[in-house]
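Structure at a glance
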Protein chains: 2
Amino acid sequence: MPTATAADAALASELRLSVMRLARRLRGQRAATDLGLTHLATLSSLEIHGQMTPGELAAHERVQPPSMTRVIATLEERGLVVREPHPTDGRQVLVQLSDTGREMLKGDRRRRDAWLSQHFADLSPDDLELLHRVAPILERLARAE
Amino acid sequence: MPTATAADAALASELRLSVMRLARRLRGQRAATDLGLTHLATLSSLEIHGQMTPGELAAHERVQPPSMTRVIATLEERGLVVREPHPTDGRQVLVQLSDTGREMLKGDRRRRDAWLSQHFADLSPDDLELLHRVAPILERLARAE
DNA sequence: TATTGTTATACTCTATAACTATA
DNA sequence: TATAGTTATAGAGTATAACAATA
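The model shown is predicted, which means the values in this text are computed figures rather than measured ones. (Residues numbered from 1 in each chain as written. Chains lettered and ligands numbered in written order. Predicted model: local features only at pLDDT ≥ 70, side-chain atom pairs only at ≥ 80, totals over all residues. Heavy atoms only, no water.)

The partner chain A presents 56 residues to the 56 residues of chain B that form the contact. For the chain B and chain A pair, buried surface summed over both sides reaches about 5900 Å², with 65% attributable to carbon and sulfur atoms. At the boundary of chain B with chain A, the tally comes to 2 salt bridges. Salt-bridge contacts for B:D127 lead to A:R140; the nearest nitrogen and oxygen are separated by 3.6 Å. Secondary structure elements with two or more residues in the side of chain B that touches chain A: α1 (2-28), α2 (37-49), α5 (99-112), α6 (114-119) and α7 (125-143) of chain B. When the residues that make up the side of chain B that touches chain A are grouped by side-chain class, the tally is 29 nonpolar, 8 polar and 19 charged. (Contact = heavy atoms within 4.5 Å. Buried area = accessible area lost by both parts, 1.4 Å probe. Salt bridge = Lys/Arg side-chain N within 4 Å of Asp/Glu carboxyl O. Helix = DSSP H or I, 4+ residues; strand = E, 2+ residues; numbered from the N terminus. Nonpolar A, V, L, I, M, F, W, Y, C, P; charged D, E, K, R; others polar.)

Shown next, in the form of structure tokens:
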């Protein structure tokens, strides 16, 4: 049935453009913390999953290991994460959120999302409900193989 | 009512992370054309709106004018757009899609969206319906003041 | 030998500031 | 003077390739 495929392609195109434009917009709002999005996402991952190795973080955030090395270096410089040697494998490193990082993350969350939630005011309750239901779907797409 | 605000903030946080992760994922798929996302969005805008000035394109794509200058230069180098002097205002320039650009855009659309629509296979019809309804909302957010 | 992480290097995208040409 | 566009320059983020340390 070619109709379904064509509809999918049209939806893909529309969704893709919207997501990219919104992402670019959101990227512009990061000035409040002066941390990049991968930095913040990395902190969030550490908050959720506890300590992780650089390799795990790289896989989780979908960046290459050298990129994660740099992200971690920046976070460590600012005292937001702590690096510890792995107890049994000398090659590996364990990264975890510092108390400073945890507080910063918590205190900053409201600010980080201020722009977006502020613009929720323009949306109807139905639209908000829709966003609430669709967010996990976008996350699934982002994490798909 | 603090509940609504807290719920909005939580939704904002969730949506923000999902959108950014999906955007990063989509960015990685651009290899097929080796053109950046702003380049492709610019071509799309020209396809939809016809000829536009660099300033209009910059405003539409939410980038600064010098960035759009470079985007246009790349597109012109590849013969995808044509620059013409403005008929009445010597300061302005009109940019429009070339035939090559139009064909490239058309022929490339399927490939560009292949990754995304391919992953629609993992979603239920209900999820797809949700995505269909949410795309314009994301676009509205992206274009909000 | 294979794996984990890092360093060295380069590329892409975007921004701000300064400049040119025209209105 | 003000506006449209461009050029010059810099910064952030990411990638690949080469390297070091450990398993």
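As a further point, take the relation of the copies chain B and chain A. Of the two same-sequence chains, chain B is brought onto chain A (RMSD 0.1 Å, axial shift 0.0 Å) by a rotation of 179 degrees. Accordingly, the operation relating the two chain copies is best matched by a two-fold axis. Most of the interface of chain B is mirrored in chain A: 100% of its interface residues are interface residues there too. (Least-squares fit on C-alpha atoms with pLDDT ≥ 70 in both.)

The environment of DNA strand D is formed by 22 residues, the closest being A:T38, A:S67, A:R70, A:G90 and B:R83. Sugar and phosphate atoms constitute 67% of the interface atoms of DNA strand D, taking the interface as everything within 4 Å of the protein. Between DNA strand D and A:Q64 there is a distance of 2.9 Å, counted from a phosphate oxygen to a backbone nitrogen or oxygen. The contact in question runs from a phosphate oxygen of DNA strand D to an N or O atom on the side chain of A:S67, over 2.9 Å. Elements with a minimum of two residues in the surface near DNA strand D: α2 (37-49) and α4 (65-77) of chain A together with α3 (54-61) and α4 (65-77) of chain B. (Near = heavy atom within 4 Å. Polar contact = N/O pair within 3.5 Å; in protein donor to acceptor, adjacent residues only side chain to side chain.)

Right, let's talk about the environment of A:L105 for a bit. Secondary-structure assignment places A:L105 in helix α5 (residues 99-112). As a C-alpha pair, A:L105 and A:R21 span 84 residues in sequence and 25 Å in three-dimensional space.

What follows covers the nonpolar core. Among the nonpolar cores identified, the biggest contains 44 residues, and A:F120, A:L131, B:L15, B:F120 and B:L131 are the most heavily contacted of them. Taken together, the elements giving at least two residues each to this core come down to α1 (2-28), α6 (114-119) and α7 (125-143) of chain A together with α1, α6 and α7 of chain B. When residues no more than four places from it in sequence are discounted, the contact partners of A:L131 are A:F120, A:L123, B:L11, B:L15, B:V134, B:I137, B:L138 and B:L141. (Core = buried A, V, L, I, M, F, W, Y, C linked by side-chain atoms within 4.5 Å. Buried < 20%, exposed > 50% of the residue type's maximum accessible area, 1.4 Å probe, protein only.)

As a further point, take the protein's contact with DNA strand C. Near DNA strand C there are 22 residues, and of these A:R83, B:T38, B:Q64, B:R70 and B:R91 occur at the shortest range. Separating a phosphate oxygen of DNA strand C from a backbone N or O atom of B:G36 is a distance of 3.5 Å. With respect to DNA strand C, the side chain of B:T38 contributes an N or O atom lying 2.7 Å from a phosphate oxygen. Contributions of two or more residues to the surface near DNA strand C are made by α3 (54-61) and α4 of chain A together with α2 and α4 of chain B. Residues of the surface near DNA strand C, tallied by class, amount to 6 nonpolar, 11 polar and 5 charged.

A separate point is the packing of α2(A) against α3(A). Residues and elements named next belong to chain A. Relative to each other, α2 and α3 sit at 115 degrees, their axes nearing to 10 Å. When the axis of α2 is compared with that of α3, the two are roughly perpendicular. As for how α2 packs across α3, the hand of that crossing is right-handed. Here A41, T42, S45, L46 and H49 of α2 come into contact with α3, specifically with L57, H60 and E61. Across the contact of α2 with α3, the residue classes break down as 3 nonpolar, 4 polar and 1 charged. (Axes fitted to C-alpha atoms, helices over the stretch in contact; angles between N-to-C directions. Parallel < 35°, antiparallel > 145°, perpendicular 65-115°, else oblique. Left-handed = near helix turned anticlockwise from the far one by under 90°.)

None of this, on its own, says anything about what the molecule does.
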